[in-house]
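# Topology and contacts: notes
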Amino acid sequence: MDIYVALFSLFFFTKAALAFGSDQDYQIDIINELDLANATYGITQVAGLHNSSKAFLFRDVGRAVHAPAHITEKVVQLFKRKSEFTFLASIQQKSSTSGVIFSIHESEHSYFELESSGVREEIRYHYRFKGKPRSESFPYRLADGQWHKIALTISATHLLLHVDCNRIYERVIDPPQMEITPGSGVWLGQHSHKHGLFKGVIQDVKLIFAPNGYITQCPNLNRTCPTCSDFLSLVQGIMDLQEILAKMTLKLNYAETRLTQLEGCHCERTCSANGLVYRDKELWVEPENCRNCACSNGVVECRRIFCPPANCSEDSLPVHVDGTCCKKCRPRCTYMGQNFSEGQRFSSRSCRECKNGLMVKVTETCPELNCTVNEQILPDGRCCNVCRGYDFCAEGLICGENSECKNRTTKAECECKRGFASIHGDSTYCEGRTAETELGLM
């Protein structure tokens, strides 16, 4: 009984917390906006369900009731900023007819479309999920010549459908795409100029981008105390959960038995890394991360390759050599009073490159630049200018897993990520500031 009391309290609190507050910035009255913009061509104002707002008669004749660009942009922006909304409308649909009540679409891509079919006696909701069309159908007869209030609420993957203030359907669906393509059209009472023409009267069409938007249409649903029906439903739900729990317990016991049996098997556990599968105790090298790795009982274990200080002689400088993790000493070049490391270039009257301790003349054709001379810079160790703001990192500078490439004014450099420090003053490979020095696998 204690569980019933606890869940009842939770139910009561949740209902109170969901009290709805209206915010004019997050709702749009479609009919009022269309009327103000004189965009009601082909429809006639008539008496509605009440006299507090305008109602319009939609006949089976040529009409084009779609929103101007500024109204469409407002709808697009509201959809973009919110993940939940409610569509409200009061309709009196001609018996046994079919038509679209409201539609937001671009070409054949419907982002939101609510349709009532009097032939199949169902309500259809069309939307898009990850660029693909989705539809939900709800058996219900709206096309009976009577007035009905309809409210479709979407909150992420949760769908609620109210008709005449009665919750008739509740479902879990794929989350609708809220990013609406610019250039989409907003239509009332039709899908396009000649398709999906609704026949009947429409009133109080609103989009509300706030929780429990249906309360605007049905204020009596905004109650904080559960009814007897609510409590009985809650009790029934608890009983269903207890039944599910009992079944899951049986399945869990069976799974634990099978797991115990499997643990007794002497199966080789492999490892997956970088798209490859390695056997137990297999070793491999990750040169891009400067690590030695091993597969240990299904777990990948990696250790950084230890690079000792280069300690180069006076006539050489440490440089990175392709295919190696640690810098190697290479003969340095002295030219015009400057020192150059292996591979560096210098441009005076001609382009020269440091090779084996000598500045060798090289031929290099510089590409044409799409910038003025004042906007050009000469990168470090090169002979050709580039435009200011050039992306040096795009050339493929290799940085370790704990560092990242950063563009400087005249070159690209590796920079340690936050919480990591460079190794021997070289930010190509970095390690944790508080981590103890690890011994590399040599």
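Residues numbered from 1 in each chain as written. Predicted model: local features only at pLDDT ≥ 70, side-chain atom pairs only at ≥ 80, totals over all residues. Heavy atoms only, no water.

The protein chain goes by VWFC domain-containing protein in an unreviewed UniProt entry, where it is assigned to Champsocephalus esox.

## Describing the side chain of Ser403
The criterion, for reference: Helix and strand labels come from DSSP, where a helix needs a run of H or I of at least four residues and a strand needs a run of E of at least two; each type is numbered from the N terminus. Remark: exposure states derive from per-residue accessible area (1.4 Å probe, protein chains only) relative to the maximum for the residue type, with buried under 20%, exposed over 50%, and partly exposed in between. Contacts between residues were defined by any pair of non-hydrogen atoms, one from each residue, lying within 4.5 Å.
You can see Ser403 is positioned in strand β28 (residues 403-407). Classification of Ser403 as buried rests on a relative accessible area of 5%. Filtering out sequence-adjacent residues up to four positions away, Ser403 remains in contact with Cys414, Glu415, Cys416, Lys417, Ser427, Thr428 and Cys430.

## Quick word on the pattern of salt bridges
Quick note on the threshold: By salt bridge we mean one thing: a side-chain nitrogen of Lys or Arg within 4 Å of a carboxyl oxygen of Asp or Glu.
For the structure shown, the criterion picks out 17 salt bridges. For Glu286, the salt bridge goes to Arg291, with nearest N and O atoms at 2.7 Å. Arg291 carries the same exposure label as Glu286, and that label is buried. Measuring nitrogen to oxygen at the nearest pair gives 3.2 Å for the salt bridge that ties Arg408 to Glu413. A relative accessible area of 33% places Arg408 in the partly exposed class. Within the structure, one salt-bridge network assembled from shared partners comprises Arg408, Lys411, Glu413 and Glu415.

## Overview of helix α3 (residues 69-81)
Rules: Take the residue count of a helix, subtract one, and multiply by 1.5 Å to get its expected span. The arc in question is the one spanned by the directions pointing from the helix axis to the C-beta atoms.
Spanning 13 residues, α3 covers 18 Å between terminal C-alpha atoms, matching the ideal 18 Å at 1.5 Å per step. Those residues of α3 that sit buried are Ile71, Thr72, Val75, Val76, Leu78 and Phe79. The buried residues of α3 occupy one face: seen down the axis, they fall within an arc of 165°. Along α3, exposed side chains directed more than 90 degrees from the buried face belong to Ala69, His70 and Arg81.

## Notes on the state of the cysteines
The test is simple: Here, two cysteine sulfur atoms that lie within 2.5 Å of each other are counted as a disulfide.
Within the structure shown, the criterion is met by eleven disulfides. Across a sulfur-sulfur distance of 2.0 Å, Cys366 and Cys384 are joined as a disulfide pair. Of note, the bridge from Cys366 to Cys384 carries an S-S torsion of about -80° and is left-handed in sense. Linking Cys366 in the loop between β25 (358-362) and β26 (376-377) with Cys384 in the loop between β26 and β27 (386-387), this pair joins segments that are 18 residues apart in sequence. For Cys366, a relative accessible area of 41% gives the class partly exposed. Under the relative-accessibility criterion, Cys384 is labelled buried at 8%. Each disulfide pairs two cysteine sulfurs, and for Cys371 the partner residue is Cys387, the sulfurs being separated by 2.1 Å.

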